[in-house]
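Okay, here's what each chain looks like letter by letter:
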Amino acid sequence: MKYSNELKVGISIILAGVIFVLGIRFFEDLPLFRTTYDLETELDDAAGLIPGNVVRVNGVTVGSVDEVFINPENNRVRVRFHVDRDVPVREGTETAVSGLDALGVVRMDLLLGPPGGEPVPSGGFLPNRSEPDLLTSLANRAPVLLDQVDRVMEDLGGVLTSSRTQLEDPASDVRMLLLSVRSTVGALDETLRAERRRVSSILTNVDSLTGALSNAVGGGDSLAAAVQDLRGLVRRMDATLAGLDRTLGGVDTLLGKINRGEGTVGLLVNDPSLYRRTDSVLVSIEALLADFRANPGRYLKEMRIVDLF
Amino acid sequence: MARHQFGDKDVSASCRAPNDIPRARPEIRSPPMPSSVPLITRQFSALGRYSVLMLGAVSTLTEWGTYRRNIGTQMMRVGVDSLPIVCMATAFSGAVTTVQTAYQLVSPFIPDSIIGAIVTSSMVLELGAVVTGFILAGRVGARIAAEIGTMRVTEQIDALESMGLNSVGYLIVPRVLAGIVMFPVLYVIGTFVGISGGLLVGSLGGFVPAGDFLDGAREYFQPFDPVFGVIKAFVFGFAITSVSCYMGYYADGGAEGVGRATTQAAVLSCVYLLLADLVLAATLL
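Residues numbered from 1 in each chain as written. Chains lettered and ligands numbered in written order. Predicted model: local features only at pLDDT ≥ 70, side-chain atom pairs only at ≥ 80, totals over all residues. Heavy atoms only, no water.

A. View of the overall build of chain A. For chain A, the helix and strand inventory stands at nine helices and seven strands. Among the 309 residues that make up chain A, the fraction classed as buried is 19%. Long-range pairs, those at least 24 residues apart, make up 54% of the contacts in chain A with a sequence separation of at least 6. Carbon together with sulfur atoms contributes 61% to the accessible area of chain A, which is approximately 22,400 Å² in total. (Helix = DSSP H or I, 4+ residues; strand = E, 2+ residues; numbered from the N terminus. Buried < 20%, exposed > 50% of the residue type's maximum accessible area, 1.4 Å probe, protein only. Contact = heavy atoms within 4.5 Å. Areas by Shrake-Rupley, 256 points an atom, 1.4 Å probe, with all protein chains shown as cover.)

Spelled out as structure tokens, the structure:
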């Protein structure tokens, strides 16, 4: 199918027009087909704001600046901008200019009002919340900072001057210290030169020792077995100590009872009268047995064999 | 009636229609100045002849019947036929700009999105118009000068004048109008292709993600930039076509003169294009 020249030219022109319009809206971060509405604000200082700068709400681009001019009535900066119709701009919404003019990235932020407020109509006015930008804040603090820097530089100069005086004075501690360090380093150097052979020998021995250690430990299996045995031994010792601990606990309990005079042994230990009575009984028994061995007939004359069997 | 061929156009119909035939203008072609005349004088003379020629073209703008048959063809040749080479050149320009910008941005403090901002601004403000202008200066400017110059040395223009046709309105106006109308079209499409080429190479080559590229382009975009580019395109279109028409219209010396006029048309178009670029940037930005 052959198209006429006029048709091709017309298509080219329309295509360019569509690309131009949609391209500008796209790069202005505006919806390609949705409509926008205009708003205005006034600033004390534009801070580099120019037409085309974006308008944002919480970091989301919702429009762009159309016009920045001086209001002849009050000599303030009047800014006209448009935002997407879907943005809920209500009463209480404020504007603020932010960004760095030096980098060319200046933008207008909308600080939205409470959700319950009345919507601001097209062409409405929004108040501005003036906040100095970063560079302005730095410029305001510059005198204080410069004073501080000046003092620091003066202190630094004093330190450097005193250091220089110390270094230039032959009798100063710093000079003496440097001389001492220099002589020490010289002596150490001489020692190292004189003992070079021995140092070399020592290093060789250390090398061979580390090699032997490496060979001894090199068998990973034997080392692992040794560690395993050691671990078993420690486990057994642990169990033994636990048993010993339990036994000592029992002994401790028993000793406590004895100390408190509980039980027979406790009474024996803690009651001296019982001890004395027992002692006297044992003395009496001993005297009785002695008498029995000396005079058995006295105790057996009444015993009859028949009674015994 | 004999059919009269001028260039690739049949003007017999114009000769037959009394209402479409404009009154013949006085001859605006002055004899060439001898080489003994100082260079500065010759240059001022050339400027004067160019001005008179363009004024003559402007005065025939109302004579729609003179050039209406030609303008569609010229817009096709100047605009649509140039689209492929313009798109190719601008696509490579955008791609190369992306790669070189990424190569030069080595600081960790500069975000990758700056690449998108630089490429887009460069294409919209400068490369889209200038690259397209150089392409048209070589392709269209040389062709216009060769066509009109050949008609001049073969006395076809004299024949037009003798038949009562206004040669300026018939030959120059449609070409200049085609340049003025179609150059912005080529600029817009070429710039779009150039930015797309930069975006494509940046994302596929791993220089900058597509999202960062577009974020940077949007961050630093100024609505006046494309308007400035279109203004440049109008001026470039006029400069290239009018200078080429001038060189061809005043060609002399046979085939050699046509070749000389063609070369001069291409070279002078590029020079005036750069000069206009500087003047516009200094006055409008």
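B. A look at the pattern of salt bridges. Residue and element names in this part refer to chain A. By the definition in use, this model includes 16 salt bridges over all chains. As a salt-bridge pair, Arg80 and Glu40 come within 2.8 Å of each other at their nearest N and O atoms. Of this pair, Arg80 sits in strand β4 (residues 76–84) while Glu40 is found in strand β1 (residues 36–43), placing the two residues 40 residues apart along the sequence. For Arg80, a relative accessible area of 28% translates into the label partly exposed. It is possible to trace a salt-bridge network through shared partners that takes in Glu40, Glu42, Asp44, Glu67, Arg76, Arg78 and Arg80. (Salt bridge = Lys/Arg side-chain N within 4 Å of Asp/Glu carboxyl O.)

C. Geometry of the interface of chain B and chain A. The partner chain A presents 25 residues to the 25 residues of chain B that form the contact. Buried surface at the junction of chain B and chain A, both sides included, amounts to about 2,100 Å², of which 73% is carbon and sulfur. Interface area lost by chain B to chain A is led by Arg218, Glu219 and Phe221 of chain B, which between them contribute 29%. Run the count over chain B and chain A and you get zero salt bridges. The tally of links between chain B and chain A comes to one residue pair in polar contact (both at pLDDT 80 or more). For the side of chain B that touches chain A, the secondary-structure elements that each account for two or more residues are α3 (64–78), α7 (167–204), α8 (210–219) and α9 (224–249) of chain B. By residue class, the composition of the side of chain B that touches chain A is 19 nonpolar, four polar and two charged. (Buried area = accessible area lost by both parts, 1.4 Å probe. Polar contact = N/O pair within 3.5 Å; in protein donor to acceptor, adjacent residues only side chain to side chain. Nonpolar A, V, L, I, M, F, W, Y, C, P; charged D, E, K, R; others polar.)

D. View of helix α1 (residues 5–27) of chain A. Compared with the 33 Å implied by 1.5 Å per residue over 23 residues, the 32 Å span of α1 of chain A between its first and last C-alpha is a close match. Regarding α1 of chain A, the residues found buried are Val9, Ser12, Ala16, Ile19, Ile24 and Phe27 of chain A. (Expected span 1.5 Å × (residues − 1).)

E. Structural view of the pairing of strand β3 (residues 60–71) of chain A. All names here are of chain A. The pairing of strand β2 (residues 54–57) with β3 spans four bridges and is antiparallel. Paired with Val55 across the strands is Gly63, a residue of β3. Once β2 ends, the chain turns through two residues before running back antiparallel as β3, passing Asn58 with a positive phi of about 55°. The pairing of β3 with β4 spans eight bridges and is antiparallel. (Pairing = 2+ DSSP bridges.)

F. Local environment of the nonpolar core. Formed by 67 residues in total, the largest nonpolar core has its most connected members in Leu53, Ile172 and Tyr249 of chain B. Per-element accounting of this core gives the leading share, 15 residues, to α7 of chain B. The next biggest cluster of nonpolar side chains, apart from the first, holds 21 residues, and it includes Tyr37, Leu43, Val79 and Val106 of chain A. (Core = buried A, V, L, I, M, F, W, Y, C linked by side-chain atoms within 4.5 Å.)

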